[in-house]
Structure formats: structure tokens, C-alpha cells
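Okay, here's what each chain looks like letter by letter:
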Amino acid sequence: MAKMDFAGVLEEVVTREEFPLEKAREVLKDEVVAVLGYGVQGMAQSLNMRDNGIQVIVGVRPGGRSWEKAQKDGWVPGETLFSLEEAAERGTIVQYLVSDAAQKQMWPKIEPCLKPGNALYFSHGFSVVYKDQTGVVPPPYVDVIMVAPKGSGTSVRANFLAGSGINASFAVAQDYTGRARERTLALGIAIGSGYLFETTFEHEVYSDLTGERGVLMGALAGIMEAQYQVLRAHGHSPSEAFNETVEELTQSLIRLVAEHGMDWMYANCSTTAQRGALDWRHEFRRVTLPVFERLYQSVVSGEETRIVLKANSAPDYKEKLEAELREMRESEMWRAGAKVRSLRPENWNAAEKQAETTASA
């Protein structure tokens, strides 16, 4: 593995140069990869592996929406598309990519399907780390491995089709065959990872749950809502409040951060913006640091897992989720956002074509 300097800390990283796709194909040539679940990760990883020449089958509940979706994507019932249990029986590598709640529910049916020498693959440390709550305890006669893409399944597939990839972490929790690490890296390359960095199941799930609830989603949404509400309370219009809270961030500033880093973005803003941001960032850090520490402890203790499993296992979960998302979608802020997005220059041509079509109908 290549050693790379991350802010003064040397870390080992696996790149496509040292572990090319040809090597991954060679490692996996005698394997049957059974992907259980056809949500965003299952769909993306299975399609990417199939496109890369890996022998893949898919397991989902027959007759459901995922079954229909898989058929539309070219998976053939009885040949490459099976029930969850039959796919697990047929696979030598079983990718357990159903939802966290479903992993707990399905485990008593999936475990008996695992044979000595199989690899049990995850893309999240959730079920294994919180085994006291999930009941997912892999048998001692299988490899237990993980590749966790650092992005949604939608990005995993889109980046693959664009010819790039998405970075991923990997871990080996149990090496029964002596080939667990090689299998893991091969799978990481086969699903389209850009580079792979090593972690543990524990570190992956702790960082992932903290990040999702924090900067990536929860904190981002909460801070946006707070700033929008303050601007509206002081007489600013919905369009102005949304533009200054969301649109400028997503359409301009965050792109500069992605390309060159935060300091570069600061350097390419006005001096007024620079001074204010540099001063106020310390205030926001001081206020939010205790919140993030409390969040991290809630993740490590298993409290967040308890909440997730209880909520996601409820029979009316989807209805309650839709109600919460509808509340967000129908809030003034995001209704204003829908209108602002429609006015982006890249949407002008589409709007003009729609108008022409309507006029000629």
C-alpha cells in the first residue's frame, strides 16, 4: 500500500494503480458475489461489479418493488435474481446490504445460509458493532469484511458511469480463510472505489453516525433553518433569505471548498466576508463543540442505534417518515427553495422548451 501524508499523519492507502481492476478480477474469478438488498447501495454496487465483469447475483424479496426494479436493470429471475435466502445460499461472498433494521430482522434466515470459507460483507459497521442490539454475530467460519463508500449509492453509481469513482474505507473484522484482506480490496476496486483507506468496523460506524447527524445532514439542515428564520423575522423576503442561506452556499462557495479548501474559498471572497467569517467561525465552534461531543457519546453508547432500530422497525415507519419529510418540503424555506432552483440559468432552456411544447399542443 502507498503511504500518504494526511496533515502530518502517515496513513496507508490502496490505489487503483497498485490494485488495478485486472487484479481484482483475478482475485474474484472463482467467486459468486451475492448482493442482498437492492436499495441505493445494493443497486449501485451490484451494477458496478457486473459492469466490471464480476460474477454477481442479487437477492431481494420476490414480487416487491425492489424485485421489479432489479428486473428492469437486467437481473433475470432464476439466473441472476433470487430470493434473499437463495442468493445467500448460492454466493461465496454475501454482501449484506439490506437496511440496518432489515439486517436485524433477516439475520436468523441468512446466517444458516453461510458456509465455511464464505465472506460476509458489509458497507456499514452498524450490525456487527452493535451486535447486542441487532443479534448479528457472524459465525467463526467466515471472513467478515467491509467496504464503506464515502457517499450515497447514487453517487457510487453516477461517479462510476462518469468514469471516476468514489473513495471508500475498508476493514477486516474476521479472517477465517487467510484471504479476507485480498477479497476486501478486490471488492472495493470492483465496486468502483477511487482509493481505499483502512479503518475498523467500530471507527467506521462511529464516524458515520456522527457525520450523518452532524455536518453532513442534521447540523447542516438545522443551521440553515435557524439563519433563514432570523432573516425572515427581520423582514427579509423568502427569496433573499433562501439565497443567502442555501443557494450561494450550494451553487458557489461549497464548490470552491471542494476544489481547493476552505482557506482558498475565503481568499476568493470579499474582504468584508473574509473578516466576518474568520471572526464568527470561532463562536460557532465554541457553541457546537459540546453538541458534537454529546452526539458522539450517544453514538458510542448505542443510544442512537436503539433509536434507529425502534423507529425503523415500527409498522408505520414509512408513513411517519413521509410526514416528517413533507413537513420539511412544505415549509416556507424549502418551498422558496424550489422556486429559486427553478430560476437557475441551467434551467432556462428546459423551461423554454416546456413552454414551446405547451404552446404547440
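Per an unreviewed UniProt entry, the recorded name for the protein is Ketol-acid reductoisomerase, and the organism is Thermanaerothrix daxensis. Note on the protein: under the UniProt heading Cofactor (unreviewed entry), the record states "Mg(2+)". According to UniProt, the comment filed for the protein under the heading Sequence similarities (unreviewed entry) is "Belongs to the ketol-acid reductoisomerase family."

> Before we go on, may I ask you to explain the packing of helix α11 (residues 218-233) against helix α17 (residues 332-342) in this structure?
Geometrically, a packed helix pair is captured by the angle between its two axes and the distance between the axes. Direction vectors running N to C along α11 and α17 enclose 90°, while the axes themselves pass 10 Å from each other. Taken together, the axis directions place α11 and α17 in an arrangement best described as roughly perpendicular. On α17, the residues touching M224, E225, Y228 and R232 of α11 are E332, M333, W334 and A336.

> Got a minute to help me understand the pairing of strand β9 (residues 166-174) in this structure?
For a regular strand, side-chain orientation follows a simple rule: the groups alternate between the two sheet faces. Pairing geometry for strand β8 (residues 143-149) and β9, over six bridges, is antiparallel. Bridge pairing links P149 to A168 in β9. Two elements, β9 and strand β10 (residues 193-198), share four bridges in a ladder whose sense is parallel. Note that in β10 the partner of F170 across the bridge is E198. The handedness of the β9 to β10 crossover, carried by helix α9 (residues 180-190), is right-handed.

> Looking at this model, I keep getting lost on the domain arrangement of the protein. Mind explaining?
One frequent convention defines the size of an interface as the accessible area lost when the parts assemble. Along its sequence, the protein is organised into domain 1 (2-199) and domain 2 (211-353). Facing the eight residues of domain 1 at the interface are ten residues of domain 2. Buried surface at the junction of domain 1 and domain 2, summed over both partners, amounts to about 690 Å²; 61% is from carbon and sulfur atoms. When residues of domain 1 are sorted by the area they lose upon contact with domain 2, A101, Y130 and Q133 head the list and together hold 61% of the total. Taken together, the links from domain 1 to domain 2 amount to zero salt bridges. Our count for the domain 1 to domain 2 interface comes out at three residue pairs in polar contact (both at pLDDT 80 or more). Mapped onto the side of domain 1 that touches domain 2, the elements with two or more residues apiece are α5 (100-110) and α7 (131-134). Per-element accounting of the side of domain 1 that touches domain 2 gives the leading share, three residues, to α5.

> I tried to follow the pattern of salt bridges on my own but got confused; where do I start?
Side chains carrying opposite charge are able to pair once their charged atoms draw close together. Considering all chains together, one arrives at 19 salt bridges under this definition. Ionic pairing is found between E212 and R213, a salt bridge with its closest N-O pair at 3.8 Å. Across the pair R306 and E303 runs a salt bridge, and its minimum N-O distance is 2.7 Å. Taken together, the residues span about one helical turn, with R306 and E303 both in helix α15 (residues 303-313) at a distance of three residues. On the basis of relative accessible area, R306 is assigned to the partly exposed category, the value being 38%.

Parameters at a glance
- Here the residue index of a chain counts from 1 through its sequence in written order.
- Totals for whole chains, interfaces and linings use every residue, but because this is a predicted model, local features are given only for residues with pLDDT of at least 70 and side-chain atom pairs only at 80 or more, for both listing and counting.
- To obtain the side-chain values, all non-hydrogen atoms of the structure were used and water was disregarded.
- UniProt positions are given in the numbering used here, feature names are shortened, and annotations may be inferred rather than shown by experiment.
- Axis angles are defined between N-to-C directions and span 0 to 180 degrees, where every axis is a line fitted to C-alpha atoms and, for a helix, only to the segment in contact.
- In DSSP terms, a helix is any run of H or I states spanning at least four residues, a strand is any run of E spanning at least two, and both are numbered starting from the N terminus.
- Throughout this description, any angle smaller than 35 degrees is read as roughly parallel, any larger than 145 degrees as roughly antiparallel, any in the 65 to 115 degree range as roughly perpendicular, and the remainder as oblique.
- Whether two residues are in contact is decided by their heavy atoms: any pair within 4.5 Å suffices.
- Strand pairing is defined by DSSP finding a minimum of two bridges between the two strands.
- Classification remark: right-handed applies to a crossover when, strands pointing away from the viewer, the course from the first strand over the helix to the second runs clockwise.
- Delimitation of the domains relies on an automatic or database domain assignment.
- Two parts placed together each lose some accessible area under a 1.4 Å probe, and adding up what both lose gives the buried area.
- We define a salt bridge as a side-chain nitrogen of Lys or Arg found within 4 Å of a carboxyl oxygen belonging to Asp or Glu.
- Polar contact is the term for a pair of N or O atoms within 3.5 Å; when the atoms are in protein, one must be able to donate a hydrogen and the other to accept it, and sequence-neighboring residues count only if both atoms are side-chain atoms.
- Using a 1.4 Å probe on the protein chains alone, a residue whose accessible area is under 20% of its type maximum counts as buried, one over 50% counts as exposed, and one in between counts as partly exposed.

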